[in-house]
Amino acid sequence: AVRFANGKLRHPDSLRFTVYRNRDTAHPRKRHRRILVSETERLCYVGHNFGSEVMKCNSLCRYFVGVLDKNSGQMEVYNAEIFNMQPLLSGGRCWESQLLSCFVLLIPALFPWHGARTVLSFVHAERDSGRGEHSESRWRLSRELGFVFSWVHRCFNVCFCLVQMDLCIEAFGTSKQKRALSSRRMNAVGSDIVNTAVTKAAANVIDAKGVTALMQDMAQDDVQNISAFLPPCHEDADRPEDVYKFEDILSPAEYEALQVPGAALASITAEEMAKRAEERSHCSFVLEELRFLPTDERRRDHKARCLWFLDTLIKFSHLKVIKKKHPMGPECPHIISRKLMKNFTSLTYNNGSIQNLISASMKAKITAYVIALALHINNFQTDLTVLQNDMKLSESRILDIAKALRLRVSKAKGVPGLENDQNHKLGTLSLPLPTQKAPEGQRKRKKMS
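Please read these numbers as outputs of a predicted model, since none were measured by experiment.

A. Seen up close, the overall build of the protein. Scanning the protein from terminus to terminus reveals 15 helices and 14 strands. Counting all 449 residues of the protein, 33% fall into the buried class. Of the contacts formed within the protein by residues at least 6 apart in sequence, a portion of 60% connects residues at least 24 apart. In the form shown here, the protein has an accessible surface area of approximately 29,500 Å², with 53% of it arising from carbon and sulfur atoms.

Set out below in structure tokens:
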């Protein structure tokens, strides 16, 4: 249903309307956006159901349209929206090209209450399989193409009218209208000029810096992208434990919520530990550290809480798309579950719904927090290879994150019985912190023999 902002129509049966829908049909909000276009002998009218000027009555009430079949006497009821049609009086470009850049043609049709209600649509212009119906399909398609070409012709007429209106403003307009016209003409830059300028600027940058320097800048950008997902770093700290503060990894409220799961892990027996190792209920890092829990009750409880949270982080990193409200199970405290969903997932749109996704950048962030927590557990020295195997990462990836954390990486012999126990990388956090260096280009790939 439509209403015209500047008056009433004398002959509504002669109007043709065109509806445009947004191309992004997967977006939960954009897929409902529509633009309605009409044209009379004098003016073009445009109405839409989104933006700041949309009518509020559509959100406050529901509207329906009833279509009465005179033969059967039955009425069919359809959902309806009210479009406020406003005249299109000015603009630098043709409105048809602006609409087609973001919207696709949906239904060019006669006015709904016009006799036969013939629908001219590309969607339904299909060729029937029966004999004698191919010519009918061709006729329908040619009629629709003729309708579209007529709209293009009218579009050029509208553009010509806009040029004439600019000339009228230039001759007889007010000073404010003339300033707006001058500003619009000064800001109008052709797309070919922009493309030429961008191409020339890119060529000048390549000639000035060279391909090697540009590749180094890209590698430096990769390091900066990783740094955006690191825990807060206090470079002016006097002690290693103050570089990545424990409160930045686990807040006091979150640490208090780990009392119950931490107590269960602190009271584990040797038989239960052997059973969990056989069932792989925990990662290798946690299973190894459980063998060396302190005897002091306070330190034992603290380490058990940290190990439980580290194990939860590693298990959480193995997920792809979060489909459950509590992905880590009911034993996970609510504040911890909320922390995982808020800080270590990214929102994405898929099939018209919003989902929580653990992307590559989020996995890098989880890895950085796991390493920082492991440093607090192991007196600021940890086996990076064990964490790499637990998180299912490549060695180059975890080493990049460790270097971004300002760790000193050295070779060390691993724990006997674990994988690759002869070639382990040890990460150490010590003061003063090493300076971050830009990587010297990309790593050379080994040639296949």
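From this point, the discussion proceeds with the structure in view.
B. A look at the sheet that holds strand β14 (residues 424-428). The 3 strands lie next to each other as β12-β14-β13, forming an open sheet whose pairing is antiparallel. Each edge of the open sheet carries a strand with a single partner, namely β12 (381-383) and β13 (408-412). For this sheet, the mean angle separating the axes of adjacent strands, direction not counted, is 30°. Here β12 runs beside β14; their pairing, made up of 3 bridges, is antiparallel. In the sheet register, Q381 faces β14, and the bridge partner there is T428.

C. Seen up close, the packing of helix α11 (residues 297-317) against helix α12 (residues 334-343). Running from N to C, α11 and α12 point in directions that differ by 40°, and their axes come no closer than 12 Å. Compared by their axis directions, α11 and α12 come out oblique. Relative to α12, the crossing made by α11 is right-handed. Contacts between α11 and α12 pair W308, F309, T312, L313 and F316 from the former with I336, K339, L340 and M341 from the latter. Among the residues making up the contact of α11 with α12, the classes are represented as 7 nonpolar, 1 polar and 1 charged.

D. A look at the sheet that holds strand β10 (residues 346-350). Strand order in the open sheet formed by 3 strands is β9-β11-β10, and the pairing between neighbours is antiparallel. The sheet is open, and its two borders are formed by β9 (321-322) and β10, each paired with just one other strand. As judged from the 5 bridges shared by β10 and strand β11 (residues 353-357), these two strands associate in the antiparallel manner. When the bridges of β11 are listed, S346 appears paired with L357.

E. Here's a closer look at the nonpolar core. F285, L310, F316 and I371 are the most contacted members of the largest nonpolar core, which totals 62 residues. For this core, the elements supplying multiple residues, two or more each, are α6 (246-249), α8 (259-266), α10 (284-290), α11, α12, α13 (360-377), α14 (384-391) and α15 (395-404). The contact partners of L310, leaving out residues within four places of it in the chain, are C283, F285, V286, V370, L373, A374 and I377. Counting 7 residues, the second-largest nonpolar core is a separate cluster that includes F4, L15, L36 and M85.

F. Focus on the pattern of salt bridges. Within the structure shown, the criterion is met by 9 salt bridges. With a closest N to O distance of 3.1 Å, R291 and E288 form a salt bridge. Accessibility expressed as a relative area gives 17% for E288, which makes it buried.

G. Spatial organisation of unusual backbone geometry. Residue P432 is bonded to the preceding L431 through a cis peptide linkage, with omega at -5°. Of note, P432 is situated in the segment after β14. The backbone phi angle of R280 is positive, close to 55°, even though this residue is not glycine. Take R280: it is sitting in the loop between α9 (270-279) and α10. One non-glycine residue with positive phi stands out, namely N379, at about 60°. Looking at where N379 falls in the secondary structure, it is placed in the loop between α13 and β12.

H. Just the side chain of T367, in detail. Looking at the element boundaries, T367 is found in helix α13. If we ignore the near neighbours within four places in the chain, the residues touching T367 are M391, L393, I398 and I401.

I. Summary view of the packing of aromatic side chains. Applying the stated rule across the entire model yields 2 aromatic pairs. Between F246 and Y255 the ring centres are 5.8 Å apart and the planes differ by 80°, which places this aromatic pair in the edge-to-face class. Exposure remark for F246: the relative accessible area of 15% places this residue in the buried category. Aromatic pair F344 and Y369: ring centres 5.4 Å apart, planes at 85°, arrangement edge-to-face. One end of the pair, F344, is in the loop between α12 and β10; the other, Y369, is in helix α13, and 25 residues separate them in sequence. Overall, Y369 belongs to the buried group, its relative accessible area being 10%. The residue whose ring lies beneath R305 is Y255, and the NZ or CZ to ring-centre distance is 4.6 Å.

What counts as what
- Residues numbered from 1 in each chain as written.
- Predicted model: local features only at pLDDT ≥ 70, side-chain atom pairs only at ≥ 80, totals over all residues.
- Heavy atoms only, no water.
- Helix = DSSP H or I, 4+ residues; strand = E, 2+ residues; numbered from the N terminus.
- Buried < 20%, exposed > 50% of the residue type's maximum accessible area, 1.4 Å probe, protein only.
- Contact = heavy atoms within 4.5 Å.
- Areas by Shrake-Rupley, 256 points an atom, 1.4 Å probe, with all protein chains shown as cover.
- Pairing = 2+ DSSP bridges.
- Axes fitted to C-alpha atoms, helices over the stretch in contact; angles between N-to-C directions.
- Parallel < 35°, antiparallel > 145°, perpendicular 65-115°, else oblique.
- Left-handed = near helix turned anticlockwise from the far one by under 90°.
- Nonpolar A, V, L, I, M, F, W, Y, C, P; charged D, E, K, R; others polar.
- Core = buried A, V, L, I, M, F, W, Y, C linked by side-chain atoms within 4.5 Å.
- Salt bridge = Lys/Arg side-chain N within 4 Å of Asp/Glu carboxyl O.
- Phe/Tyr/Trp six-rings, centres within 6.5 Å; stacked < 30°, edge-to-face > 60°.
- Lys NZ or Arg CZ within 6 Å of the ring centre and 35° of its normal.

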